[in-house]
Amino acid sequence: MKKRLLSVITAAAIAVASVPMFTGCSPRNEVLKIYNWGDYIEESLIDEFEEWYKAETGESVSVQYDTFNTNEDMLMRIEVLKSDYDLVCPSDYMAERMIENKLVQKVDKRIIDITEDGFLVDDLMEMIRPFDKNNEYFVPYVWGTFGIMYDTNHIAAGSADMKSWGAMWDKKYNKHILMKDSVRDAYSVAQIYANTDKLSELSNGFTDYNDDYRAELISYFSTVSDKLIKSARDYLVKQKSLLYKYEVDDGKNDMLAGTTEAHLGLFWSCDSGLIMQEDGGEHFYYEVPKEGSNVWVDGWLIPKYAKNTKAANYFLKFINLYDDEYDFAMTNFDYMGTSMAVKAVMDDAKTALIEDEDGFFEDKEDWFKDMYIDMMFPSKDVLRRCGVMRDFGKKWSTELDSMWIDVKTL
């Protein structure tokens, strides 16, 4: 596992974002325009793709690589401005919206077919099928879970408190809690915690994550009503006075640097993994609470207005290649340090971590290795208590936004 300094990541993102200046004079069919999140690719792969594409097709292509900060920013560029990006990388719920609104094109399964046996990590196919039932549009890229990350300098590793979302409402941790400044994430966690008793009953005290439990849990990610919004709002209002602050990205860095009073918070597994790779990161613990949580999946779509779909499809093949000849997908995994969609990459990466080939776990507490591997490679038991976020539609998304503004301004 490669360790990366945050400053290096930022520099890499800037370098990648500067690529477009070199493609302005190329014919459009020789340019591949990609719109992605920052820090979401190993930059050396861009040059490697251009060389690989030439070898594969006999044609030249140069990559224009731009980055966005939110799913909504990306959607505006595609839906409103009709920008002709060839590939975008939305999150699950936004991918569903774009597919539903006919803003995307089908992938060419002669070039890239995610339904091939053994292509995707186990269970990932079923997670995305509700919004891409025939697996024709969405190509999963990276994925992970939501959970509680906490600092073991202040909270004992494996703490029973942290195994429940109740920790995020516990007065014991008053003014030491971080909450995501994200309406969808906050709403989902509040909804799960508000229904703890019902979920416990359905799962026999969180020992049997059966189909009835899963149906109830998944409903919180796919349906909204005035009653549900009010319930979540009430819980979020109760939580607000206990928070150290709301945050999006800076909380993890502050916790690592020790410049905050926060000891725990809601985090994505990818951010938790990033922090744990840094010096001092061995003091952090990540837990997916017993009540249930969210699996997030970011992946590729070819937008409606794409003009170089051939290169787009070949890029999708390229970024997922990992075999005896190519290791592009593993190179990307080493850079990003988060769970990838390609099964072979994750199988080999897990083996390497278990055997500690790079000495990553040397001089760390015994609990750290098991916790880290469980975070990076969630077990079937963990995935059984997780669901994928769905698109709530324009009306309810607006209602949720209003609720969130209300909570934060009280």
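For the structure itself, look to the data block above.
All values derive from a computational prediction rather than experimental measurement.

Here's the deal with helix α6 (residues 183-194)
Its 12 residues place the ends of α6 16 Å apart at the C-alpha level, agreeing with the 16 Å of an ideal helix rising 1.5 Å per residue. Counted residue by residue, α6 has 10 buried out of 12 residues, so it is predominantly covered.

Some thoughts on the sheet that holds strand β1 (residues 31-37)
In any sheet, the strands associate via hydrogen bonds between backbone groups, in a parallel or an antiparallel arrangement. Spatially, 3 strands are ordered β2-β1-β3 in an open sheet, and the strand pairing comes out parallel. Of all the strands in the sheet, the pair left with one neighbour each is β2 (62-68) and β3 (87-88). When β1 meets β3, the two strands line up parallel, connected through 2 bridges. The residue bridging Tyr-35 from the neighbouring strand is Val-88, located in β3.

Observations concerning the pattern of salt bridges
Under the defined criterion, the tally for this structure stands at 27 salt bridges. We note a salt bridge from Asp-86 to Arg-28, for which the minimum N-O separation is 3.0 Å. With Asp-86 in the loop between α3 (71-80) and β3 and Arg-28 in the loop between α1 (6-17) and β1, the pair connects residues that are 58 residues apart, well separated along the chain. Taking relative accessible area as the criterion, Arg-28 reaches 22% and is therefore assigned partly exposed.

Section: unusual backbone geometry
A positive phi angle, close to 55°, is found at Lys-102, a residue other than glycine. Here Lys-102 lies in the loop between α4 (92-100) and β4 (104-105). Using a relative accessible area of 65% as the deciding quantity, one classes Lys-102 as exposed. Even without being glycine, Asn-204 reaches a positive phi, approximately 55°. Along the chain, Asn-204 turns up in the loop between α7 (196-202) and α8 (211-222).

How each quantity is defined
- Residues numbered from 1 in each chain as written.
- Predicted model: local features only at pLDDT ≥ 70, side-chain atom pairs only at ≥ 80, totals over all residues.
- Heavy atoms only, no water.
- Helix = DSSP H or I, 4+ residues; strand = E, 2+ residues; numbered from the N terminus.
- Expected span 1.5 Å × (residues − 1).
- Buried < 20%, exposed > 50% of the residue type's maximum accessible area, 1.4 Å probe, protein only.
- Pairing = 2+ DSSP bridges.
- Salt bridge = Lys/Arg side-chain N within 4 Å of Asp/Glu carboxyl O.

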